[in-house]
Amino acid sequence: MHGTGSDIKSVEWVGSSRKDLRDFPDDVRRFMGQALFEAQLGGKHPAAKPLRGFHGAGVLEIVDDFDGNTYRAVYTVRFASAIFVLHAFQKKAKKGIATPKHDVGLIQRRLRAAVTVYGSKL
């Protein structure tokens, strides 16, 4: 959804994040979409929380539980004109709330890629 005002940030998808989010159940996709739209408008959805380990990088995580499963989307608001969706995944681990190390590494790599992409658009 795009508005006519310049105050709405664009959404940039890094890696497979768009495809991965599209594979979520419909209710989860709608929930994540609403949260991302609020980020585009400069707000923060109540389900969006800072992702641990990314101090000051403006990296947030949306968590939604649906049908016994937990889904997450990670994005950054670090840039003035766009939000970058870095990762979307279903959390597989049944214990603990920590983001798995594999996913944290992927998010870190994609954040670096977003910095590279955004820098080239200036």
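Here's what I pulled together on the structure shown here. (Residues numbered from 1 in each chain as written. Predicted model: local features only at pLDDT ≥ 70, side-chain atom pairs only at ≥ 80, totals over all residues. Heavy atoms only, no water.)

**Describing the sheet that holds strand S3 (residues 59-66)**
Filter applied, for reference: Paired strands, in this sense, are two strands between which DSSP finds at least two bridges. Helix and strand definitions here come from DSSP, where helices need a minimum of 4 consecutive H or I residues and strands a minimum of 2 consecutive E residues; each element is numbered from the N-terminal end. Only the contacting stretch of a helix is used when fitting its axis, a line to C-alpha atoms as for every element, and angles between N-to-C directions run 0 to 180 degrees. Contact between two residues is taken to exist if any of their heavy atoms lie within 4.5 Å; hydrogens are not considered.
Taken together, the five strands give an open sheet; going across it, the order is S1-S5-S4-S3-S2, and neighbouring strands pair in mixed fashion. The sheet is open, and its two borders are formed by strand S1 (10-13) and strand S2 (48-50), each paired with just one other strand. Each strand of the sheet is rotated relative to its neighbour by a mean of 35°, with strand direction disregarded. Relative to S3, S2 runs antiparallel, the two sharing three bridges. Within S3, the position partnered with Pro50 by the bridge is Leu60. Contacting S1, S3, strand S4 (69-76) and strand S5 (82-91), helix H2 (residues 26-40) runs over the sheet at an angle of about 155° to S3.

**What to know about the nonpolar core**
This is how the line gets drawn: What makes a nonpolar core is a set of buried Ala, Val, Leu, Ile, Met, Phe, Trp, Tyr and Cys residues whose side-chain atoms join them at distances within 4.5 Å. Buried, partly exposed and exposed residues are distinguished by accessible area as a fraction of the type maximum, computed with a 1.4 Å probe on protein chains only: under 20%, between the cut-offs, and over 50%, respectively.
Ranked by size, the top nonpolar core spans 17 residues in total, and within it Leu21, Phe24, Met32, Leu36, Ile62 and Tyr75 carry the most contacts. Counting residues per element, the ones that place at least two in this core are H2, S3, S4 and S5. Broken down by element, this core gets its largest block of residues, five residues, from H2. When near neighbours in sequence (up to four residues on either side) are disregarded, Leu21 contacts Arg29, Met32, Leu36, Ala73 and Ala88. Membership of the second largest hydrophobic core comes to 15 residues, among which are Val14, Val59, Phe84 and Ile107.

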